[in-house]
Amino acid sequence: MTDPQTWRVLGNADAHELVLAVDFDATGRAEGRFTDLAQGLGGLPCSIWETIPQEAGTGDDDADPVERWLAEVAADGRPVRAVFGFCVGGVYAAAIAQRLAARQEQAPALLLFDPEQSGPLTLYSQFHKVLDSMSALLRPEESGQAAAEARRAHEQHTPMAALGAELLDVYRRTAKPAFDRLELDDKRTQEITAVFASFVGYLIAAAEIDPLPAWREAVVVTSSSPTSGLNGSRAAGQDIAVGRELRVDVPHVDLLRDPGVTRTVTELLDPGSRG
């Protein structure tokens, strides 16, 4: 088989089954990655593929991202044992699992880690995470102005596309002086900005998907962080039904790299490994 272009292979490339993992993995993030989880799943007879989000402004921006990913899965031909999703990746994972259930002999298992739906508040909150990550590079007045502009954008724009465009504009204006102080050239500046633009597009597209029917059949691993995943939904007054919930005493940031979580995932996918 040829190497996939819309997925990165995390391990066991030649195994006879696939596990698909959906996340927006970006350099410098604090949270654990599916790369970390995959290192502990090497004994499973599965090749682990992780999504590569489409870059903003490339290809057909109106194309269905789920079908874009599934086209290479179909071309590969191997059955999918499970679909993983982290945070908003759980929305896409739900859609992937549903479509695969209709296309292969046995439906894949759906395993989610602190799944979250996407909406204006998600987009606004994620902007603040990015802003916080830049705090050491920004002057206090720059951070304050960016926060105020983002708050106004969130108050004024309900449609995701409009809010995303406004927050991307705030990001560009805020990041420029920081990039200038770091003496980054135009190419590197454009690359970093393109990552954020791609993430905005990822969140906007996820808001068009209703994951709740699939989540009712999913196994969900819930962290101890009060604002993440199902904990955050409950705090907001939304009680989301899932097939089975496994609560772990692990913060959201460490969920994908915790050895205990890795053992739990191994047992879920390969019950014979227990003990």
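Residues numbered from 1 in each chain as written. Predicted model: local features only at pLDDT ≥ 70, side-chain atom pairs only at ≥ 80, totals over all residues. Heavy atoms only, no water.

Chemist: Would you take a moment to explain the overall build of the chain for this structure?
Modeler: Helix and strand counts for the chain come out as 10 helices and seven strands. The C-alpha atoms of the chain give a radius of gyration of 19 Å, which matches the 19 Å a tight globule of 275 residues would have. Across its three principal axes, the chain shows a C-alpha extent of roughly 55 × 45 × 30 Å. Residues counted as buried form 47% of the 275 residues belonging to the chain. (Helix = DSSP H or I, 4+ residues; strand = E, 2+ residues; numbered from the N terminus. Rg over C-alpha atoms; globule rule 2.2 N^0.38 Å. Buried < 20%, exposed > 50% of the residue type's maximum accessible area, 1.4 Å probe, protein only.)

Chemist: Teacher, can you tell me more about the packing of helix α6 (residues 160–181) against helix α7 (residues 186–206) here?
Modeler: When two helices pack together, you describe them by how their axes are tilted relative to each other and by the distance separating the axes. Look at α6 against α7: their axes get within 10 Å of each other, and the N-to-C directions meet at 160°. On the basis of their axis angle, the class for α6 and α7 is roughly antiparallel. In this structure, the crossing between α6 and α7 has a hand that is right-handed. Side by side, α6 and α7 meet where Met160, Ala161, Gly164, Leu167, Leu168, Tyr171, Arg172 and Phe179 of the first sit next to Thr189, Ile192, Thr193, Phe196, Ala197, Val200, Leu203 and Ile204 of the second. Looking at side-chain class alone, the contact of α6 with α7 contains 12 nonpolar, three polar and one charged residues. (Axes fitted to C-alpha atoms, helices over the stretch in contact; angles between N-to-C directions. Parallel < 35°, antiparallel > 145°, perpendicular 65-115°, else oblique. Left-handed = near helix turned anticlockwise from the far one by under 90°. Contact = heavy atoms within 4.5 Å. Nonpolar A, V, L, I, M, F, W, Y, C, P; charged D, E, K, R; others polar.)

Chemist: Teacher, can you tell me more about the packing of helix α5 (residues 140–156) against α6 here?
Modeler: The interhelical angle for the contact between α5 and α6, taken along N-to-C directions, is 170°, at an axis separation of 9 Å. Our classification of the angle between α5 and α6 gives roughly antiparallel. Where α5 abuts α6, its residues Glu142, Ala146, Glu149, Ala150, Ala153 and His154 lie against Leu163, Glu166, Leu167, Val170, Arg173, Thr174, Pro177 and Arg181.

Chemist: What is the right way to look at the sheet that holds strand β2 (residues 17–22) in this model?
Modeler: What holds strands together in a sheet is hydrogen bonding between their backbones, with the strands either parallel or antiparallel. Read across the open sheet, the seven strands follow the order β1-β3-β2-β4-β5-β6-β7; overall the sheet is mixed. Each edge of the open sheet carries a strand with a single partner, namely β1 (7–11) and β7 (244–247). Taken pair by pair, the neighbouring strands of this sheet meet at an average axis angle of 20°, ignoring direction. Contacting β1, β2, β4 (80–86) and β5 (109–113), helix α3 (residues 89–101) crosses the sheet at an angle of about 160° to β4. (Pairing = 2+ DSSP bridges.)

Just distances and angles here, no functional claims.
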